[in-house]
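Chain by chain, the residues:
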Number of protein chains: 2
Amino acid sequence: MQPGDRAGLHVLGLDGGGSHTQCLVLNGSGQEVGRGSGGPSNHQSVGVEAAQAALASALAEALASAGHPALAAACFGMAGLDRDEDYRILRRMADAVLPDPPAEIVHDTLIALVGGTAGRRSGVAIIAGTGSSVVAYAPDGRAARSGGWGHLLGDEGSGFDIGRRALNAATRARDGRGPQTALTERLPAAVGVPTLEALADRIYLDGWAAPQIAALAPAVLAAARAGDRVAGEILAVAADELALAAVATIRALGAQEQAFEVVLSGGIFQGSPEIIERVRQGIARQAPHADAHLPRREPVWGAAWLALQTITSPRA
Amino acid sequence: MQPGDRAGLHVLGLDGGGSHTQCLVLNGSGQEVGRGSGGPSNHQSVGVEAAQAALASALAEALASAGHPALAAACFGMAGLDRDEDYRILRRMADAVLPDPPAEIVHDTLIALVGGTAGRRSGVAIIAGTGSSVVAYAPDGRAARSGGWGHLLGDEGSGFDIGRRALNAATRARDGRGPQTALTERLPAAVGVPTLEALADRIYLDGWAAPQIAALAPAVLAAARAGDRVAGEILAVAADELALAAVATIRALGAQEQAFEVVLSGGIFQGSPEIIERVRQGIARQAPHADAHLPRREPVWGAAWLALQTITSPRA
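Residues numbered from 1 in each chain as written. Chains lettered and ligands numbered in written order. Predicted model: local features only at pLDDT ≥ 70, side-chain atom pairs only at ≥ 80, totals over all residues. Heavy atoms only, no water.

Asker: Would you mind going over the overall build of chain A with me for this structure?
Answerer: Along the backbone of chain A there are 13 helices and 10 strands. Taking 20 Å as the expected radius of gyration for a compact globule of 316 residues, we find that chain A reaches 21 Å, a close match to that expectation. By its C-alpha atoms, chain A is 70 × 45 × 35 Å across when sized along the principal axes. Taken over 316 residues, chain A has a buried fraction of 54%. Looking at chain A alone, contacts between residues at least 24 apart form 66% of all its contacts between residues at least 6 apart. Taken as a whole, chain A presents about 13000 Å² of accessible surface, with 51% of it coming from carbon and sulfur. (Helix = DSSP H or I, 4+ residues; strand = E, 2+ residues; numbered from the N terminus. Rg over C-alpha atoms; globule rule 2.2 N^0.38 Å. Buried < 20%, exposed > 50% of the residue type's maximum accessible area, 1.4 Å probe, protein only. Contact = heavy atoms within 4.5 Å. Areas by Shrake-Rupley, 256 points an atom, 1.4 Å probe, with all protein chains shown as cover.)

Okay, here's the thing in C-alpha cells:
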C-alpha cells in the first residue's frame, strides 16, 4: 500500500458497550462518511443473540448512510472482553456480522484512549460511569489494569459507588450514627418518593440494579454544590479512588516520570469540574508530567482510527 | 387468672425468620413440652404463600409433639415486620394458621432480646448475621432502631459487609491500590476456585446474593487469626460499626448511665470472641453499665415467654 492509494478506501470503527453500540465509517482521509447506532452489545449482560443483533443493526445503519462502500479494514472496541472465552465469543459475533474484512477486536478501554487522545495508543484511560476501571498502555504495548471488578468487588469512584455511599451516609444520619446531611432529603426527592424509608422500599421491592443506584450520583453532586459536607466528602473519596487506580497503573508501567495523556471518560466526569480537578491533582502528585483531560473524540472514532492505521502503517 | 390456675395451661412461641421458622410449646410452669420447625417465613423474601406454609408446618409439628394441648396464648416474633402493610399481611397469615387463640405479633428483634436475656423486655439486641440491625427497648416501652437498612443501604458489621469489604480489599491488593493481604488467596480457596479472577467470575455469572457474600466471613476471621492485618482491620471496623449502632440506640433512649443487658445475637458473634470483646469495649466507652453477652436462650423461647406473660401478668 502506497500513500495516495488510500484516498478511495474506507474503514469502519465500532464501539460496543453495555448501554449502546456506535458505528462509524471514515474515508481514507479520516473524514466521517457514515454513522449508525444500536442497542447494548455486551454479551455478558444482554446475551450473545441480542448483542449480535445490536452489532448488525449499528453496522447496517452506518454502511447504508455511507453508501455501502467497500471496507479496507474494521476495528471493534468491545466491552466484556475479559477472558479468552470472551474473545472467542466476540470473534464469532464479529465474523457473523462482518465476514470481510475481518474486524480487529480490541478492548473498549483502548478505543476510549485512542479516541480521547485523538489518536494516541499510549497513555491512561479512566472510565467512570455506572462502573469504573482504569487501563494504562505503554508505548511498547505493555498494559496495566486497575479496578473493573464490578459493583460487588470494586467499582470505586463509579456512579454506583457514589450512589451507594450516599445512601449509606443518609441512613447513618437518620439513625444518629453519622453526621447530618441533606442527602436524607435529596436522595428520596431525586427518585420522587417522600422519605428515605420509602426510597429503601423502592430499592428493594423493585430490585434496583447498579445503573439505578448510579443514577443517584447527580443528586450527590447537587448536594455537594449546595454546601453539604457529607456529599462533598463522598465525591472527594470517589475522585481520590479514581486517581489512586490511575497511579497504580502508571506505577505498574514505571511511567511516573514520563509525559503522557490521561483520558477522563464516562458520565462521572461530565459536568463535574470538581471531580476532574481533584483527580488531576491526585495523579499530578505521583506523575507530574501527566496531562489529564476530557476526551477529545469519541471512543468509536478511536476504533475507526485504529482500523485506518492498519491500512496506512508500513506493515500493511 | 389466679396463680395456680395456669399449671394446666400451655402457650406457644414462634420465631419466623428469613432462613427458618422455629416453634416452641411451654406448659404453664415454663417447661418445654413440644417443638417444631419449618422453612423460611419472611414474606418479603419468600412470598406470603411459602411463608404461611412454613408457619403451618412448624406449628403442626410443635403441637403434635406436645400432644395437641389447648393453648392459652401465642406469640409470633416475625422478621419482615417493617411497615403497617407488613403487619396486616402477617396478621392474616397468623390468623390463618392459628385462629384461636389469636397470636400476638411482635418484631423478631424483641424475641431475640427477651430470649437472649432469658426474660427481660428492655435492653439492646444487636443482630448480626447475613444482615445487621440493632433495636433498644426502654423499660417504659419506648424503642429505638439503628441499621437494618439492608445490604444496599447499610448492613454495617454484618456478614455481607465483612464479605464485601474483604473482596474489595483483595482486589485492591491485586491491583496495587492497597496493602497486600492473604485474602487474595483465602477468599478463592474458601469457595474452591483457583484465583481471585475466577471468584469474580463465579460471583457475577452465578448472580451471588447477600447470603453467599456473607458466607465469606469465616475466611476473613481465619485470615485475621493467622495474622493478616487487612483481615483484622475489616473485623475491627465491623465490630466498631455494631458498637456504634448500639450506642446510637442507647443515646436515643437516653440510657447511657443505666444498667441493662446487650444481647449479641447472630452468626457473626458465634465463635468470634475477638468481635464480641471489641463490641463490648465500644459500648462500654459510652454506656459503662451495659452488660453485653451472647444469648442466654433462643429467640423462640423469648416468643413463648412473652405469650406466657400475657396469661400471668395482672392485666390478663
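Asker: Whenever I open this one, the environment of Ala236 of chain A confuses me. Can you help?
Answerer: All names here are of chain A. Relative to the helices and strands, Ala236 resides in helix α11 (residues 229-252). On the accessibility criterion, Ala236 (9% relative accessible area) is buried. Spatially, the C-alpha atom of Ala236 lies 8.9 Å from that of Val279, the residues being 43 residues apart in sequence.

Asker: Would you mind showing me how to read the relation of the copies chain A and chain B here?
Answerer: What connects the two chain copies is a rotation about an axis and a shift along it. Aligned on chain B, chain A shows an RMSD of 0.0 Å; the corresponding rotation is 180 degrees and the shift along the axis is 0.0 Å. Accordingly, the operation relating the two chain copies is best matched by a two-fold axis. Within chain A, Leu152 of chain A has its C-alpha nearest the rotation axis, a separation of 5.1 Å. Interface overlap between copies: 100% of the residues of chain A at the interface are likewise at the interface in chain B, consistent with a symmetric, same-surface contact. (Least-squares fit on C-alpha atoms with pLDDT ≥ 70 in both.)

Asker: Explain empty space enclosed by the protein here, please?
Answerer: Over the atoms rolls a probe the size of a water molecule, and its path tells where empty space is left. Applying the stated criterion across every chain, the model contains 2 cavities of 30 Å³ or more. Quantified by volume, the largest cavity comes out at close to 50 Å³. Along its surface, the largest cavity is lined by Arg177 of chain A together with Ser132, Ser133, Val134, Ser146, Gly147, Gly148, Glu156, Glu241, Leu242 and Ala245 of chain B. Contributions of two or more residues to the lining of the largest cavity are made by β7 (132-137), β8 (143-147) and α11 (229-252) of chain B. For the lining of the largest cavity, the class distribution of residues is 3 nonpolar, 5 polar and 3 charged. (1 Å grid on protein atoms, 1.4 Å probe; cavity = no way out; pocket = protein on both sides within 12 Å on 5 of 7 lines; lining within 4 Å. Points joined across faces, edges and corners; volume = space filled by probe spheres on them. Nonpolar A, V, L, I, M, F, W, Y, C, P; charged D, E, K, R; others polar.)

Asker: Is there a simple way to explain the sheet that holds strand β1 (residues 10-16) of chain B in this structure?
Answerer: Residue and element names in this part refer to chain B. Read from one edge to the other, the open sheet built from 5 strands follows the order β3-β2-β1-β4-β5, with strand pairing classed as mixed. Lying at the two open borders of the sheet, with one neighbouring strand each, are β3 (32-38) and β5 (104-107). Averaged over all neighbouring strand pairs, the angle between strand axes comes to 15 degrees, with direction disregarded. Along the sheet, helix α3 (residues 84-97) contacts β4 (73-78) and β5; its crossing angle with β5, the most-contacted strand, is approximately 135 degrees. Sitting on the sheet, helix α4 (residues 108-116) is in contact with β1, β4 and β5, with an inclination near 85 degrees to β5. (Pairing = 2+ DSSP bridges. Axes fitted to C-alpha atoms, helices over the stretch in contact; angles between N-to-C directions.)

Asker: Help me understand the interface of chain A and chain B in this model?
Answerer: By a widely used convention, the size of an interface equals the accessible area lost when the partners come together. Opposite the 34 residues of chain A that make contact, chain B presents 34 residues. Summed over both partners, the interface of chain A with chain B buries about 3000 Å², with 56% contributed by carbon and sulfur atoms. Area buried by chain A at its contact with chain B is led by Trp149, Leu152 and Leu153 of chain A, which between them contribute 26% of it. On the surface where chain A and chain B come into contact, there are 6 salt bridges. A salt bridge links Glu156 of chain B to Arg172 of chain A, with the shortest nitrogen-to-oxygen separation between them at 3.1 Å. Joining chain A to chain B, the criterion identifies 28 residue pairs in polar contact (both at pLDDT 80 or more). Of all the secondary structure elements, the ones that give two or more residues to the side of chain A that touches chain B are β8 (143-147), α5 (150-153), α6 (159-175), α8 (196-205) and α11 of chain A. Broken down by element, the residue count for the side of chain A that touches chain B peaks at 8 residues, all from α6 of chain A. Taken together, the residues that form the side of chain A that touches chain B break down as 15 nonpolar, 8 polar and 11 charged. (Buried area = accessible area lost by both parts, 1.4 Å probe. Salt bridge = Lys/Arg side-chain N within 4 Å of Asp/Glu carboxyl O. Polar contact = N/O pair within 3.5 Å; in protein donor to acceptor, adjacent residues only side chain to side chain.)

Asker: Would you take a moment to explain the environment of Arg92 of chain A for this structure?
Answerer: Residue and element names in this part refer to chain A. Mapped onto the fold, Arg92 is located in helix α3 (residues 84-97). Judged by relative accessible area, Arg92 falls into the exposed class, the value being 53%. Sequence-wise, Arg92 and Gln52 are 40 residues apart; in three dimensions their C-alpha atoms are separated by 9.4 Å.

Asker: Would you explain the packing of helix α6 (residues 159-175) of chain B against α11 of chain B in this entry?
Answerer: Residue and element names in this part refer to chain B. Between α6 and α11, whose axes approach to 10 Å, the crossing angle comes to 150 degrees. Judged by the inter-axis angle, α6 sits roughly antiparallel to α11. Crossing handedness for the pair α6 and α11: right-handed. On the side of α6, the interface is formed by Ile162, Arg165, Ala166 and Ala169, while α11 contributes Val230, Ile234, Leu235, Val237 and Ala238. By residue class, the composition of the contact of α6 with α11 is 8 nonpolar, no polar and 1 charged. (Parallel < 35°, antiparallel > 145°, perpendicular 65-115°, else oblique. Left-handed = near helix turned anticlockwise from the far one by under 90°.)

Asker: What exactly am I supposed to notice about the domain arrangement of chain A here?
Answerer: Residue and element names in this part refer to chain A. Per the domain assignment, the segments of chain A are domain 1 (5-118 + 297-312) and domain 2 (150-293). Distance from the C-alpha centre of domain 1 to the C-alpha centre of domain 2: 30 Å. Opposite the 4 residues of domain 1 that make contact, domain 2 presents 4 residues. Summed over both sides, the interface of domain 1 with domain 2 buries roughly 290 Å², with 68% coming from carbon and sulfur. On the domain 1 side of the contact with domain 2, Ala112, Gly116 and Thr117 bury the most area, a combined 80% of that side's loss. For the pair domain 1 and domain 2, the interface holds 0 residue pairs in polar contact (both at pLDDT 80 or more). In terms of residue class, the side of domain 1 that touches domain 2 is built from 2 nonpolar, 2 polar and no charged. (Domains from an automatic or database assignment.)

Asker: Is there a simple way to think about the sheet that holds strand β10 (residues 290-293) of chain A in this case?
Answerer: Within a sheet, each strand pairs with its neighbour through backbone hydrogen bonds, oriented either parallel or antiparallel. Residue and element names in this part refer to chain A. Read across the open sheet, the 5 strands follow the order β8-β7-β6-β9-β10; overall the sheet is mixed. Looking at strand neighbours, the two that pair on one side only are β8 and β10, the edges of this open sheet. With strand direction ignored, the average angle separating the axes of adjacent strands in the sheet is 15 degrees. Summarising the sheet, strand β7 (residues 132-137) and β8 pair through 5 bridges and their orientation is antiparallel. Within the sheet, the bridge partner assigned to Ala136 lies in β8 and is Ala144.

Asker: Hey, could you run me through the packing of α6 of chain B against helix α7 (residues 183-191) of chain B in this one?
Answerer: The relative placement of two packed helices is expressed as an angle between their axes plus a distance between the axes. All names here are of chain B. As a packed pair, α6 and α7 sit with axes 9 Å apart at the nearest point and diverge in direction by 130 degrees. The angle between α6 and α7 falls in the class oblique. α7 is crossed by α6, and the crossing has left-handed handedness. Contact residues: Ala166, Leu167, Ala169, Ala170, Ala173 and Arg174 in α6; Leu183, Thr184 and Leu187 in α7. Residues that form the contact of α6 with α7 fall into these classes: 7 nonpolar, 1 polar and 1 charged.

Asker: Any chance you could explain the pattern of salt bridges here in plain terms?
Answerer: Pairs can form between side chains of opposite charge once their charged atoms are near each other. Within this structure, the stated rule accounts for 38 salt bridges over all chains. For Asp175 of chain A, the salt bridge identified is with Arg177 of chain A, shortest N-O distance 2.7 Å. One salt bridge in this structure joins Glu274 of chain A and Arg225 of chain A, with 2.6 Å as the shortest N-O distance. Of the two residues, Glu274 of chain A sits in helix α12 (residues 273-284) while Arg225 of chain A sits in helix α10 (residues 217-225), which places them 49 residues apart along the sequence. Salt bridges here are not isolated pairs; linked through shared partners, they connect Glu156 and Glu241 of chain A together with Arg172, Asp175 and Arg177 of chain B.

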